[in-house]
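# Reading the structure
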Amino acid sequence: MSDDLDFDDLKKAMQSATPAPDAARRAENIALAEKNFDHLQGSPSGARPTSDARKPGLFRGVIAMLKSIPAKGALAASTAIVAVGLVLVLPALQDGPAPLPRTITTTASEDVEAPAADMMSEPVIEPSIAIAPMSKSAPRHFAPEIRPMPQNTEAFPEADPNPLKVTAETPVSTFSIDVDTASYGIIRNSIETGLLPPKEAVRIEEMVNYFPYTYAGPSNDAPFATHLASMVTPWNPDTRLLRIALQGRLPDIADRPPLNLVFLIDTSGSMEAPNKLPLLKQSFSLMLSELRPEDSVAIVTYAGSAGRVLDATPASERSTILAALDHLSAGGSTAGQAGLQQAYATAEAMQEKGEVSRVILATDGDFNVGLSDPDALKDYIASKRQTGTYLSVLGFGRGNLDDATMQALAQTGNGQAAYIDTLHEAQKVLVDQLTGTLFPIADDVKIQVEFNPTAIAEYRLIGYETRQLNREDFNNDKVDAGEIGAGHSVTALFELTPVGSPARKTDPLRYGTPPEAAASDEFGFLKLRYKTPGTEQSQLIETPILPGAPADSDLRFAAAIAGFGQLLTDTRYLNDWGWDDAIALATANRGDDSFGYRAEAIRLMRLGQSLAARP
Amino acid sequence: MARSDEALAMAAAQGDRAAFSELLERHYSRVFAFAFRLTGRWTEAEDLTQDICAALPSKLARYEGRARFTTWLYRVVLNAAHDRRRRAETHSRAADGWGDWELARQAEIAETGARLDWLTQAMRALPPDLRDTLALTLDDLTHAEAADVLDISEGTVSWRLSEARKHLRALKEKEDTA
């Protein structure tokens, strides 16, 4: 045994090699731990009355995550000290480290098979972090209960599926519209990588709303048209499926106001992967071709030194903008709060009367803006919303995607959250639907449905769990809700159990007030509230929901997607209806499908079926 | 005067916030240092420490005082590190997209490698169980304590250490002759 590997030397070398923890992160991490500690003790979380209906949970605090690469200076300094210390004993260092000798590693793992087995059988001390076999020879099959990324740093909003409601007890359902599509993108990405998505990642309304439907636009002055239809529920012949759809007006594109865009780009180290920053650059360059000369673009980065890398530049100067995009590279420490503030300040400086300003945040979810309290971040964005600047959030990459934060931020900032995993998706969100994505035509759109207890015994809203509003919020203009963009459509589905249907799950109450004799055969009454962008006062649209509105293939396709979502989450209402039925229903109602989105959904369902059936 | 780690941990498990804070202040550096030794990368160590901080309150609620607090804490860090490694492995084998991801990661390693010192580099090349054992003993734990954390016999710890040193030596010789 040679002396140069004396254990004490090794220990000393290790001690000097160990960097001091980053002070800022130390403070953040401790704050995070304390926050989670408080949550655990049951202290109430600041509930946001709109849509953010997540329960206080352990990983809520992960919003405060900071994944910066530490300051390069500090790293270099500590490495230099080690280098000096080690040169004496290890002359090879001067040539830099050799490639890792893989052969040694693998033969070694065979050598240590026996003691390694000890380690694998180590009793699980912490149930939530199970010890998996680390050996390369471990069988690589997937367990039947697929939980793709346990204890991942990905965070999804927690929400239980909406329960069945008894009309006699709670006749009113109130919720905010939702035009996000991020959930569908995440589901697609999961299934295509061979894993069923985690249940929390599935938001059925975002799946249904991913697809374009052929609803007619409004014929009057209203910003959107309402389309009601109903059909027999595919998974239950004794109930009915009610669709409430809104179709936003598509103003003449030629007349659209000039647009001010601030790209707020996460360039922290974790953005380096090919499906993150490089995809983001490509996506934005696709979008540039859709902009007009009078539009302007600025770029702010929120990692490290850079700050604003491109001042407000007319979209006509394409090469300048593209060059700035090209120069972006990942790395550096996070100075995120400054980034966000700078983005908003830039947007405000660009704003002129009649123009639309929007900050587009692109991140892999390591979204920490340096505000110590995530709720303070939301407050900040909400206050900026008043100034008329919108916020959109584009998610890239997987692994530490903070879907929950993205969704919460987009909802707070009057925007849309989308998840971009391929250039196709970038095209859909940023090119094909550019006008809808960027031009709001109605803000704070809320839906309230009052069901008629003489016609409907029970009802259930499918999806929209994170978008629930209190009944009284409907008329309160201070309560934030989703907005609808030019040409956007929004679809909500209810499953209704008519009075007298054998599908009824609850018994009528003996002492309940018997409903008045059938006064009307209306299913219920629909009320919509919205604000014209820039105004404070909401407007009301009311319309009765009549039985007999005929179903169309759009509704049947939406039903198939809602069924798909339930197959991924909770099948309790589906009876024997399964993957084959969902695929058949979707296939029969594919319609024109000029962009192939529906065909893709059917492909995903087929793949999902195989994944679900895998032993 | 100062309360023992175990007393603080038991109090924190019962919901004593001050005890929790004190415990965290006391041991943060230790957690980070150990995380660094396990991962060999600063950013990974910071991330791992964050994971642990996020999950620590709920784990601590189940601390029953049967083991020394530091032993228990080492186990928590070790388990979290295993979890991260397994996750990285799951990702890298998932599909094409992740193949790219892995390539990018390797490229990044090669790139930043020049700035990393030999020892952490070499430790990363060790098989995980050897690395865990070495990291624990480099952290001033006796063989008996390391055995307790890893839930293996003391003999196995000694054996693994000699294996680890054999590896390091082989690695170094290879470099010397290269």
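Provided above is the structure to which this section pertains.
In this text, all values refer to a predicted model and were calculated from it rather than measured experimentally.

So, how was this worked out
Residues numbered from 1 in each chain as written. Chains lettered and ligands numbered in written order. Predicted model: local features only at pLDDT ≥ 70, side-chain atom pairs only at ≥ 80, totals over all residues. Helix = DSSP H or I, 4+ residues; strand = E, 2+ residues; numbered from the N terminus. Buried ≥ 20, exposed ≤ 12 C-beta atoms within 10 Å, placed from the backbone. Contact = placed C-beta atoms within 7 Å. Pairing = 2+ DSSP bridges. Arc of directions from axis to C-beta. Expected span 1.5 Å × (residues − 1). Axes fitted to C-alpha atoms, helices over the stretch in contact; angles between N-to-C directions. Core = buried A, V, L, I, M, F, W, Y, C linked by C-beta atoms within 7 Å. Domains from an automatic or database assignment. Parallel < 35°, antiparallel > 145°, perpendicular 65-115°, else oblique. Left-handed = near helix turned anticlockwise from the far one by under 90°.

On to the overall build of chain B, then. The number of helices and strands found in chain B is 9 helices and 0 strands. The linear arrangement of helices and strands in chain B, starting from the amino end, is α-α-α-α-α-α-α-α-α. The proportion of buried residues among the 178 residues of chain B is 50%. Considering only residue pairs separated by 6 or more positions, chain B has 59% of its internal contacts joining residues 24 or more positions apart.

In this section: the pairing of strand β13 (residues 482-485) of chain A. Residues and elements named next belong to chain A. In β13, alternate side chains face the same way, and those of Gly482 and Ile484 on one face and Glu483 and Gly485 on the other are all buried. Here strand β11 (residues 440-451) pairs with β13 via 3 bridges, running antiparallel. Looking at the pairing, Pro440 lines up with Gly485 of β13.

Our next topic: helix α1 (residues 5-13) of chain B. Residues and elements named next belong to chain B. Within the sequence span of α1, burial applies to Leu8, Ala9 and Ala12. Seen from one end, α1 has its buried residues packed into an arc of 100 degrees, which puts them on one side. Gly15 sits one or two positions beyond α1 and adopts a positive phi of about 105 degrees.

Residues and elements named next belong to chain A. Pairing is antiparallel across the open sheet formed by 5 strands, whose spatial order is β1-β12-β14-β4-β3. Only two strands of the sheet have a single neighbouring strand rather than two, namely β1 (165-166) and β3 (224-232). Strand direction decides the pairing type here: β3 and strand β4 (residues 240-248), joined by 9 bridges, are antiparallel. Residue pairing across strands places Val232 opposite Arg240, the latter belonging to β4.

It is worth spelling out helix α2 (residues 23-40) of chain A at this point. Between the first and last C-alpha of α2(A) there are 25 Å, a value that for 18 residues agrees with the 26 Å anticipated at 1.5 Å per step. Each element contacted by the buried residues of α2(A) is listed here: α2 (17-39) and α3 (42-60) of chain B.

Turning our attention to the sheet that holds strand β7 (residues 308-314) of chain A. Sheet strands line up and pair through hydrogen bonds in the backbone, either parallel or antiparallel. All names here are of chain A. With mixed pairing, 6 strands are arranged side by side in an open sheet as β7-β6-β5-β8-β9-β10. Of all strands in the sheet, those bounded by a partner on one side alone are β7 and β10 (417-420). For this sheet the average axis-to-axis angle between neighbouring strands, irrespective of direction, equals 20 degrees. In terms of strand pairing, strand β6 (residues 296-301) meets β7 through 4 bridges, oriented antiparallel. Its bridge partner lying in β7, Ser296 is registered against Pro314.

Before going further, it helps to examine the nonpolar core. Of all hydrophobic cores here, the largest spans 125 residues; its most connected members are Phe263(A), Leu264(A) and Ile561(A). With 10 residues, helix α15 (residues 553-568) of chain A is the largest single contributor of residues to this core. Mapping this core onto the domain boundaries places at least three of its residues in each of domain 2 (165-179 + 199-251 + 441-506 + 520-575) and domain 3 (258-440) of chain A. Within the second largest apolar cluster, 55 residues are counted, among which are Leu8(B), Phe34(B), Ala45(B) and Leu126(B).

On to unusual backbone geometry, then. All names here are of chain A. Its identity is not glycine, yet Tyr464 carries a phi of approximately 65 degrees, on the positive side. When you line up the elements, Tyr464 lands in the loop between β12 (456-462) and β13. A count of 25 C-beta atoms within 10 Å places Tyr464 in the buried class. Of note, the phi angle at Asn575 is positive, near 55 degrees, even though the residue is not glycine.

What follows deals with the packing of α15(A) against helix α16 (residues 579-588) of chain A. All names here are of chain A. Relative to each other, α15 and α16 sit at 155 degrees, their axes nearing to 8 Å. When the interaxial angle is binned, α15 and α16 end up roughly antiparallel. Crossing of α15 against α16: the hand is left-handed. On α16, the residues touching Arg556, Phe557, Ala559, Ala560, Gly563, Phe564 and Leu567 of α15 are Trp579, Ala582, Leu585 and Ala586.

Right, let's talk about the environment of Ala612(A) for a bit. All names here are of chain A. Relative to the helices and strands, Ala612 resides in helix α17 (residues 597-613). Along the sequence, Ala612 and Leu195 sit 417 residues apart, while their C-alpha atoms lie 9.0 Å from each other. Discounting chain neighbours no more than four positions away, the residues touching Ala612 are Leu196 and Trp579.

So, on to the environment of Lys353(A). All names here are of chain A. For Lys353, the location among the structural elements is in the loop between α10 (336-350) and β8 (356-363). For Lys353, a count of 5 C-beta atoms within 10 Å puts it in the exposed group. Along the chain, Lys353 and Pro257 lie 96 residues apart, while their C-alpha atoms are 9.7 Å from each other.

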